[in-house]
There are 2 protein chains.
Amino acid sequence: MDKRETIVTTAMNLFGQKGFEGTSVREIAAGAEVNLAMINYYFGSKENLFESVVEYKSAFLKGIFEELVTNTSLSQMEKLDIVVDSYIERMFQNPQFHHLLHRELSLEHRPQMKEAIAEILLRNFVSLKAIVQNGIGSGEFNNVDIELTIATLIGTINHLLISGIMCRKILQKSKNFNPYRSKKLKERISEHLKNLLRSHLLKASPQKNKKNI
Amino acid sequence: MDKRETIVTTAMNLFGQKGFEGTSVREIAAGAEVNLAMINYYFGSKENLFESVVEYKSAFLKGIFEELVTNTSLSQMEKLDIVVDSYIERMFQNPQFHHLLHRELSLEHRPQMKEAIAEILLRNFVSLKAIVQNGIGSGEFNNVDIELTIATLIGTINHLLISGIMCRKILQKSKNFNPYRSKKLKERISEHLKNLLRSHLLKASPQKNKKNI
DNA sequence: TATATTTAATTAAACGTTTGTTTAATTTCA
DNA sequence: TGAAATTAAACAAACGTTTAATTAAATATA
């Protein structure tokens, strides 16, 4: 792997685990097995490195739902099913990066960094909003609170996976249970959210897809 | 106010805004208008101060739903309504502290601190679980995924209020909109969650409480 | 192709700050 | 008079960053 890339990936993992201020440049250098000075040589400063991490790693969730919006062969509910599974998939693939993003959003310094992250997340939000809006417009969905419905979708996943310890406690799992490696948990979250969205969005009717516990 | 208390409150606000490592002891001393050495005099170390903050400030959300569980004059749905409003109220009253708690949960160092925080949050989780469980047992509720339903409830609120910037963008509000000061937002979240929980938990029937936008 | 020259990459060491913490002297108050 | 509270100053360690010297690679010249 390219040396710059090694540094960025190492930094992402450490920032994700211990936060920006909680991670020293020396740790990153050691983790990436490069000389300390190489980091400033390549990135200029620790803060620039952080920006590079966000820029580089956010590529894999930038505008991922945009073509889904314009798709005409799927119902809006089917689209939301895909959104659910796709978001879960990404969360499981790179939880450290999601932790990093949401943690940075909750901090009050580095406003320009917050702004950049908010813009990245907002793009996907706008896509989801369009899907729900179309569903309401066509009569497929109930007239729900669009923004908060999306907050529920994203918030459920984030909340559950923001901490291994908390997740284990909530789900009453043993210490060797790794939520980010559990295919069963993935499916469980997926099913819960799909059920939830159906009962919330679809007009009262014989409920489908209800097979729980 | 007591001097120890001033330090704890100042520390909580700064930790909440800028994180533990992002806040210096000197900043806390300046904010609390006490001499730098007083902090180590009272608390021994910065980390001890952090533990004091969590311990002291978590009093106001420790076991808040426990008597609700044993209450017999309310339906389980009515209890959940109270849970929703109560949790929103606390979140709005002290968002900094919630940020601090959830941020610390997402970090991988200081495992004993994570453990302590997880235990605090778990107590309330257990209460909510009992309420939903009772509802299912009595036939009032559908046979939903209990743990994930609670994760949805808490996760929606957390996600929406974890960042002023993100909240403004999501809700398309102007820069001078302060989500933590908006009574309207409070009511909006409350109504969304109550609707959501009703459609998810209650057996299919003419839906109540549906007055949206 | 072989050699000289220039540019880029890499290194160990040191830089000046800031960090959390401690000391030792002083003040406050019971 | 004695214990507790408060202070300014200093402490060593860790921090992000820079320097200056060296090695590696690329380019140009013959």
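Residues numbered from 1 in each chain as written. Chains lettered and ligands numbered in written order. Predicted model: local features only at pLDDT ≥ 70, side-chain atom pairs only at ≥ 80, totals over all residues.

J.: Explain the relation of the copies chain B and chain A to me, using residue names and the numbers behind them.
T.: With an RMSD of 0.0 Å, the operation that places chain B on chain A is a rotation of 180° combined with a shift of 0.0 Å along the axis. Each copy turns onto its partner about a two-fold axis. Proximity to the rotation axis, assessed at the C-alpha, singles out Gly155 of chain B in chain B; its C-alpha lies 2.3 Å from the axis. Interface overlap between copies: 100% of the residues of chain B at the interface are likewise at the interface in chain A, consistent with a symmetric, same-surface contact. (Least-squares fit on C-alpha atoms with pLDDT ≥ 70 in both. Contact = placed C-beta atoms within 7 Å.)

J.: Residue-level account of helix α4 (residues 46-57) of chain B, with values.
T.: Residues and elements named next belong to chain B. In a regular helix each residue adds 1.5 Å, so 12 residues correspond to 16 Å; α4 covers 16 Å between its end C-alpha atoms and thus fits that length. Of all the positions in α4, only Leu49, Phe50, Val53 and Val54 are classed as buried. Projected down its long axis, α4 carries its buried residues within an arc of 140°, all on one side. Check the buried side of α4 and you find it contacts α1 (3-18), α3 (36-43) and α8 (111-137). (Helix = DSSP H or I, 4+ residues; strand = E, 2+ residues; numbered from the N terminus. Expected span 1.5 Å × (residues − 1). Buried ≥ 20, exposed ≤ 12 C-beta atoms within 10 Å, placed from the backbone. Arc of directions from axis to C-beta.)

J.: Describe the interface of chain B and chain A, naming the residues involved and giving the relevant values.
T.: At the interface, 49 residues of chain B touch 49 residues of chain A. Contributing elements (two or more residues each) for the side of chain B that touches chain A: α1, α7 (95-105), α8, α9 (146-161), α10 (164-171) and α11 (183-201) of chain B. The greatest single-element share of the side of chain B that touches chain A, amounting to 10 residues, is contributed by α9 of chain B. A breakdown of the residues in the side of chain B that touches chain A according to their chemical character gives 20 nonpolar, 19 polar and 10 charged. (Nonpolar A, V, L, I, M, F, W, Y, C, P; charged D, E, K, R; others polar.)

J.: Describe in detail the protein's contact with DNA strand C, supporting the description with residues and values.
T.: Taken together, 16 residues lie near DNA strand C, and Asn35 and Ala37 of chain A together with Ser24, Ser45 and Lys46 of chain B sit nearest. Looking at the surface near DNA strand C, the elements that each hand over two or more residues are α3 (36-43) of chain A together with α2 (25-32), α3 and α4 of chain B. Among the elements that line the surface near DNA strand C, the one with the most residues is α3 of chain A, at four residues. Its residues assigned to classes, the surface near DNA strand C comprises eight nonpolar, four polar and four charged. (Near = placed C-beta within 6 Å.)

J.: Could you give an account of the packing of helix α8 (residues 111-137) of chain A against helix α9 (residues 146-161) of chain A, with specific residues and numbers?
T.: All names here are of chain A. Across the interface, α8 lies against α9 with an axial gap of 10 Å and an inter-helix angle of 120°. On the basis of the axis angle, α8 is oblique to α9. For α8 against α9, the interelement crossing comes out right-handed. Residue-level inspection shows Phe125, Leu128, Lys129, Val132 and Gln133 of α8 in contact with α9, the latter providing Ile146, Thr149 and Ile150. (Axes fitted to C-alpha atoms, helices over the stretch in contact; angles between N-to-C directions. Parallel < 35°, antiparallel > 145°, perpendicular 65-115°, else oblique. Left-handed = near helix turned anticlockwise from the far one by under 90°.)

J.: An account of the protein's contact with DNA strand D is requested, with residue identities and associated values reported.
T.: With respect to spatial proximity, 16 residues lie near DNA strand D, and among them Ser24, Ser45 and Lys46 of chain A together with Asn35 and Ala37 of chain B are the closest. Those elements that place two or more of their residues in the surface near DNA strand D are α2 (25-32), α3 and α4 (46-57) of chain A together with α3 of chain B. Among the elements that take part in the surface near DNA strand D, α3 of chain B stands out by supplying four residues, more than any other. Residues that form the surface near DNA strand D fall into these classes: eight nonpolar, four polar and four charged.

J.: Describe the confidence of the model for chain A, listing the residues and the values that go with them.
T.: Should pLDDT be low for a region, the predicted coordinates there are not to be read in detail. Confidence along chain A averages 94 in pLDDT terms, with 96% of residues attaining 70 or more. Contacts for the low-pLDDT stretch residues 206-213 of chain A, under 50 throughout, to residues beyond four places or in other chains number 13 contacts. (pLDDT = per-residue confidence, 0-100.)

J.: Explain the packing of helix α6 (residues 76-93) of chain A against α8 of chain A to me, using residue names and the numbers behind them.
T.: Residues and elements named next belong to chain A. Interhelical geometry of α6 versus α8 gives an angle of 155° and a closest axis separation of 9 Å. With respect to α8, the element α6 is oriented roughly antiparallel. Helix-helix and strand crossings are classified by hand; for α6 and α8 the assignment is left-handed. Seen from α6, the contacting residues are Gln76, Met77, Lys79, Leu80 and Val83; seen from α8, they are Leu128, Ile131, Asn134 and Gly135. Residues belonging to the contact of α6 with α8 are distributed by class as follows: five nonpolar, three polar and one charged.

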